[in-house]
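# Summary of structural features
The primary structure of each chain is shown beneath.
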Amino acid sequence: MIAIPKFLLQQLYVKGSLRLEPEGVAFDIKNSLGPGVLTRLSSITLDDTLFTGAQIKLHVDGQWISAKDVTEQTPARLGLNQTAVCVLLGASLSPGKHTLTVDLHSREVGQVVLTVHDQV
Amino acid sequence: MSQKITYDRYSFQVNGQRLFIRSGAMHYFRLPSQALWWDRLCKLKAAGYNTVDLYFCWAYHSPAPGEYDFGGIRDVARLLEMTQELGLSVIARPGPYINAEYTGGGLPGWLLADKTIVPRHRLPNGDFQWCERYHQAVEAWWQQIIPFIRGAQNVLMLQVENEYSTTEMEPEPIASLMTLSRELGVTVPLMHNDMFVMGLYADLIEVYSFDHYPTFAFDEDWRRVPNMLDTADCVEARLRPLCPNRPLMVTELQAGWFAPWQGLPYERIQQMLGRQHIGLLTRTMIAQGLTAFSHYKAVGGTNWEHIGSTETYTSYDFAAPIAESGLNTERLYEAKRLNFLLSSFDLTTTEPTDTPPAGLVLSHPEWLYRCRKVMDSPDPATSAHWLFFRNLGAQSATTQLNGQPLTLLPYEARMIPWQVPLACGYHLLSCTAEPLYQTDRWLVLCADRPFSLTIGTQETVQTTATAKGVAELTLVPIEPTIEATLKPNSTEPMPHAPFQYQLRAPKLAESESAVVTLGQLNILLLGSALSDTLWLETAFKNPLPNDSLSPHPEPAQRIVCGPAMQTLDPKGTFQYAWELQATPFVCLDLETNRMETDLMTAGTALAPVAPIVLSPWTVTDAAPEMVWDGVPFQPVGQKQKPPQHPNDPAAVDFDALGQYEGVGWYRLRFDCEHPCPQHLTVDARHLWSVYLNGQCLASGTHWQNQPDMPGPPPVTVPVPSSAWQTDSVNDLCILVDGLGHPKGFHDDMQKSPGLLVCQVDGRDVRAELLFSGGFHALRLTDGDRADYHPLEHSPVVRCQSTFSYPDLGSLVMPLGIQLKPSTHELAQPLNVHRMNLYLNGVLVGRYWADCQAQTCFYLPEGILDTRPGALNQLDLILINPNNYLPVGAETAKRLQAISIQPYGVFTKQRVPAKLNV
């Protein structure tokens, strides 16, 4: 795994963006590093609950896609300073502190595991 | 290190003189002869680079702990001398880690084999862990290599580590190397390259720099990839706050890309990148205020023997401006245009401006990408600017610049001067073409499209309104239709240029040229082909970098346009390589203003070149484990093992056995009693085949082109009882072909090639194996084969042939072994799965049908004996585990599909002697 400094990774998460929406729990990722090509969104863990594939919906570059459809052949692009919205379908959110872990692959840096904490 | 290297916000300075660093990377370890070093350095110099970026590769010099080799093709002292003789500066990068798609990222195999070492003080998950033993090993390497670097007079800076980071960004790894550098006497600035362009270590390192590769996936056209230039476009905004008193620099600016197994052939990558990519990216960086760049790589090379990392095949051409074969590409021509411009116009001290300069009127301002004001102009009365135009569309674009058309081709950027003072004392008030070069009497421009320029002078001057040019010149052929409308125009007088002259030039045919004069300034217009093949001849009076900016202490003495390549001989005179066809040329003597145009057709230029003939092939079986005793197998338990596998004492991979690379044979000889074993289980990196008593039971691959993906599970195969011999000794052999160590960028470089698992009916037999490395068939003579009983069909065969190197005279003709996979002969009946190609006993090619991209293998001078008449020997080892090859004439006949082919044919000649001064 490439050594991405944590402080760079944590810049990706938009602090305070964790929220409950009608379809589930949502949060924002802002790409402050450089143009990226997402080739796999393996999983997102909210506290102790794992979400994968069709349980995750992404809003990238003006359209909604399912995480299961993000592959090497059908990647999702995120330009510099663009924001993606992640929705964990059916998830609930209680007030308090939460931990999010995002496990993804990008064409540029390979596997990226991002763990952040946020307060609702 | 006697030069004083300083820097400020704008640029580096050498002994107080500003320097725009135009560097290109060259891997000497991929060029296995000093003659190749000289040739490629000459070509870098000829293309206008003033600096060469050199990785110094630890693994290449240190085969064993405490052993170092700095002789012959590892003579870095001689390499550095060559750079000085050519007036090139050096960016020195001694690692310890270099990546470079070198096996193990350039860390020695013996170091990686020691699993108590933490390479780079970094655990596989990216966390920092200080490793004193690693630091001691690095210190020992630097104590060897730094004195060579310190002894060179032309080193600009020294890079510590390479693209380094940890998850928490601890400073110790970088800080310790900085301290070590100073302790070892390094006096030049210390630099580190940030691969994220995010300011990593900017607060620690002296010279912050970064790497930038926006294009590395070739399954789509970069021209249609949105956001490709996002990072490049934010460089100045992002990094200037971190570098208020340091120049902006990019250590590795994409000039190509490496091709992996299963990737594209380099010819295709060259085509896909095109000249637009390097031109667009480099000009964008200059528009962002960078005054130091290094094209990575500028020179291609070869992964000869086993120097490549797991993912790369033999060629490391890199789609570089100078190809692996040494030929120039159109990408070099594009880089050369930029380099010549930057060598003759001063862009070292500029600041961005949000508003265009006063007086500039654009019909389509959206094409203006960026504007920079010259801050250190020798003429304070001017308001010199450089305007950067960019067209990221698939169609040409034209804007009117003060009423004159400025055309941008698709995916093109152009650097356009505005009120820029010329070396002759006039001013280039506006221009809709990017200048190629200037001296104090000449301005050279490419007329590949219509353009206009306006010259400002202090007084009226004589003009020549036709293209007859300077009176005493003989200019043939003259372009009579050129519209040189030179006339004074003082409707908008300027204090520094009250008189203005405008030239409107049409597009010239690619090999046409023309000269117009305006007082003491001659304007040379060149068609596109002559612009690409424009070469400068500069005196080599000073062995140190002679590239300081205006006024030019050693300006070009002659300009020659037409030859495909320029080279230098060791005495500093100039020679050229002309394509083997009638080539128009222009030769301009800048001292006397004498000029000549003609066709280069003299001598042997148009003579046909006789093909190189291979002697008839001899084909023999070559699986030593199966056919004779006496091969020096050793029990793996008797191999001297370092404490590298504390958790796996039975490890018998290559690292554990001290081999580190290449091919290995594992052997188990045993009597078989009833009941015979029923299963074999095997796993090995990276390509393996299992033979029992000469018959292949299985073959497999433990390799994938996705870094750090889990490998396949071990393979268990049933063994029929008929395969065993109950009346004699059974011979179980495993052939393992390693592809090197991972380079350690995304992956774990301590993953060794070699055997990982070997079980007979579930019982681990690794400790009982014998081991022998390499293809010993290459070293055996007929005398060794006294008890040899040839096989009619074999899974491994050796094919031998020879060829004589021809007396080429003045021709330049790099050679390659050409496979013809599309022909019936090689693709079907021979059906080769893998093939190793040896030239004079040195591995120069690896063919792997399942992952093949390369069908022509360059024969590097040095391994290739280029003395006229010298006999060169080819050895091919063909491996076909599941489809045995016929031994003898049948296979030999099919090998006619292999030939020796030139990459190109050129004649090396000086320009006509009558023009010599």
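Right above here is the structure, for reference.
For the structure given in this document, a descriptive report is provided here. Positions within a chain are numbered from 1, following the residues in the order the chain's sequence is written. Working convention: letters from A go to chains and numbers from 1 go to ligands, in the order in which they are written. In keeping with the model being predicted, local features are shown solely for residues with a pLDDT of at least 70 and side-chain atom pairs are shown and tallied solely at 80 or more, while totals for entire chains, interfaces and linings include all residues.

As a further point, take the overall build of chain A. For chain A, the helix and strand inventory stands at one helix and ten strands. The helix count covers DSSP runs of H or I at least four residues long, the strand count covers runs of E at least two residues long, and both are numbered beginning at the N terminus. Counting from the amino terminus, chain A carries its helices and strands in the arrangement α-β-β-β-β-β-β-β-β-β-β. The C-alpha atoms of chain A give 13 Å as radius of gyration, which agrees with the globular expectation for 120 residues (14 Å, within 12%). Throughout, a residue-residue contact means that the two C-beta atoms, derived from backbone geometry, are no farther apart than 7 Å. Taking as baseline every contact in chain A between residues at least 6 positions apart, the subset at least 24 positions apart corresponds to 68%. Radius of gyration: C-alpha atoms only; globule rule: 2.2 Å multiplied by the number of residues to the exponent 0.38.

In terms of helices and strands, chain B carries 14 helices and 56 strands. Labels follow a simple rule on C-beta atoms placed from the backbone: if 20 or more others lie within 10 Å of a residue's own, it is buried; if 12 or fewer, it is exposed; otherwise it is partly exposed. For chain B, buried positions account for 53% of its 917 residues. For chain B, the share of sequence-separated contacts (at least 6 apart) that also reach a separation of at least 24 residues comes to 72%.

A separate point is the nonpolar core. One finds Val90, Ile523 and Ile734 of chain B to be the most contacted residues of the largest nonpolar core, which totals 259 residues. Looking at this core element by element, the count peaks at nine residues for helix α9 (residues 266–287) of chain B. Every residue in contact with Val90 of chain B, bar those within four places of it in the chain, is listed here: Thr51, Val52, Leu54, Leu80, Thr83, Ala152, Asn154, Val155 and Leu156 of chain B. In plain words, the nonpolar core is the set of buried Ala, Val, Leu, Ile, Met, Phe, Trp, Tyr and Cys residues that C-beta atoms within 7 Å link up. Counting 27 residues, the second-largest nonpolar core is a separate cluster that includes Val60, Val70, Val87 and Val112 of chain A.

Moving on to the sheet that holds strand β2 (residues 24–30) of chain A. All names here are of chain A. At least two DSSP bridges between two strands are needed for those strands to be called paired. The five strands are arranged β1-β2-β8-β5-β6 in an open sheet whose pairing can be described as antiparallel. Every interior strand has two partners, whereas the edge strands, β1 (19–21) and β6 (63–66), have only one. This sheet shows a mean twist of 30° between the axes of neighbouring strands, independent of strand direction. To get an axis, fit a line to the C-alpha atoms, keeping to the stretch in contact for a helix; angles then go from 0 to 180 degrees between the N-to-C directions.

What follows concerns the sheet that holds strand β55 (residues 899–902) of chain B. Residues and elements named next belong to chain B. Spatially, three strands are ordered β52-β49-β55 in an open sheet, and the strand pairing comes out antiparallel. Of all the strands in the sheet, just β52 (856–858) and β55 have a single pairing partner and so form its edges. Averaged over all pairs of adjacent strands, the angle between their axes in this sheet comes to 35°, without regard to strand direction. Judged from the three bridges that link them, strand β49 (residues 815–818) and β52 form a sheet pairing that is antiparallel. Paired with Gly816 across the strands is Tyr858, a residue of β52.

Next up on the list: the packing of α9 of chain B against helix α10 (residues 330–344) of chain B. Residue and element names in this part refer to chain B. Their axes nearest at 8 Å, the elements α9 and α10 cross at an angle of 25°. With respect to α10, the axis of α9 lies roughly parallel. In this structure, α9 crosses over α10, and the sense of that crossing is right-handed. Residues Leu273, Arg275, Ile278, Gly279 and Thr282 of α9 pack against Glu330, Arg331, Tyr333, Glu334, Ala335 and Leu338 of α10. Under the scheme applied, nonpolar residues are Ala, Val, Leu, Ile, Met, Phe, Trp, Tyr, Cys and Pro; charged residues are Asp, Glu, Lys and Arg; polar residues are all the others, including Gly. Class assignment for the residues of the contact of α9 with α10 results in five nonpolar, two polar and four charged. For classification purposes, angles smaller than 35 degrees are called roughly parallel, those larger than 145 roughly antiparallel, those between 65 and 115 roughly perpendicular, and all remaining angles oblique. In this scheme, a crossing is called left-handed if the near helix is turned counterclockwise away from the far one by less than a right angle; it is called right-handed if the turn is clockwise.

Take the pairing of β49 of chain B next. Relative to β55 of chain B, β49 of chain B runs antiparallel, the two being bridged by four bridges. Bridged to Leu815 of chain B within β55 of chain B is Pro902 of chain B.

Reports of interface size often rely on the accessible area that becomes lost once the parts have come together. Counting residues at the interface gives 15 residues for chain A and 24 residues for chain B. A total of three residues in the side of chain A that touches chain B trace back to one element, the largest contributor, which is helix α1 (residues 6–12) of chain A. Its residues placed into classes, the side of chain A that touches chain B shows nine nonpolar, three polar and three charged.

The next thing to look at is the pairing of strand β9 (residues 97–106) of chain A. Residue and element names in this part refer to chain A. Where strand β3 (residues 36–46) lies against β9, seven bridges are found, and the strand directions are antiparallel. Following the sheet pairing, Arg40 is matched in β9 by His105. Where β9 hands over to strand β10 (residues 110–119), the hairpin turn is made up of three residues, counted between the paired strands.

Attention now moves to the packing of helix α1 (residues 34–46) of chain B against helix α3 (residues 76–85) of chain B. If you want to describe how two helices pack, look at the angle between their axes and the distance between the axes. Residues and elements named next belong to chain B. Viewed as axis vectors pointing N to C, α1 and α3 meet at an angle of 25°, and their least axial separation amounts to 10 Å. With respect to their mutual orientation, α1 and α3 come out roughly parallel. For the crossing formed where α1 meets α3, the hand is right-handed. Here Gln34, Trp37, Trp38 and Leu41 of α1 lie close against α3, whose contacting residues are Arg78, Leu79, Met82 and Thr83.

A separate point is unusual backbone geometry. All names here are of chain B. Here Tyr296 and Lys297 are connected by a cis peptide whose omega angle stands at -20°. Take Lys297: it is sitting in the loop between β11 (292–296) and β12 (301–302). Along the chain, Arg685 connects to His686 via a cis peptide bond; the corresponding omega equals 0°. Of note in this structure, Gln419 is not a glycine but carries a positive phi near 55°. Along the chain, Gln419 turns up in strand β19 (residues 412–421). Positioned with a positive phi, Asn840 is a non-glycine residue whose angle comes to about 50°.

Residue and element names in this part refer to chain B. The span expected for a helix works out to 1.5 Å for each residue beyond the first. Across its twelve residues, helix α6 (residues 172–183) extends 16 Å between first and last C-alpha, which sits within 8% of the 16 Å expected from 1.5 Å per residue. Taken residue by residue, α6 has Pro173, Ile174, Leu177, Met178 and Ser181 as its buried positions. All buried residues of α6 project into a common sector of 135° when viewed along the axis, lining one side. Opposite the packed face of α6, turned more than 90 degrees from it, sit the exposed residues Glu172, Thr179, Arg182 and Glu183. Against the buried residues of α6 lie β7 (155–159) and β8 (190–194). Where α6 terminates, the next one or two residues include Gly185, which has phi positive at roughly 95°. Working definition: the arc comes from the directions between the helix axis and the C-beta atoms, pointing outward to the latter.

The subject of this paragraph is the environment of Leu111 of chain B. Residue and element names in this part refer to chain B. Secondary-structure assignment places Leu111 in helix α4 (residues 109–113). A residue is classified by how many C-beta atoms lie within 10 Å of it, and Leu111, with 25 of them, is buried. Spatially, the C-alpha atoms of Leu111 and Glu206 are 29 Å apart, while their sequence positions differ by 95 residues. Setting aside residues up to four positions removed in sequence, Leu111 forms contacts with Ile117 and Ala137.

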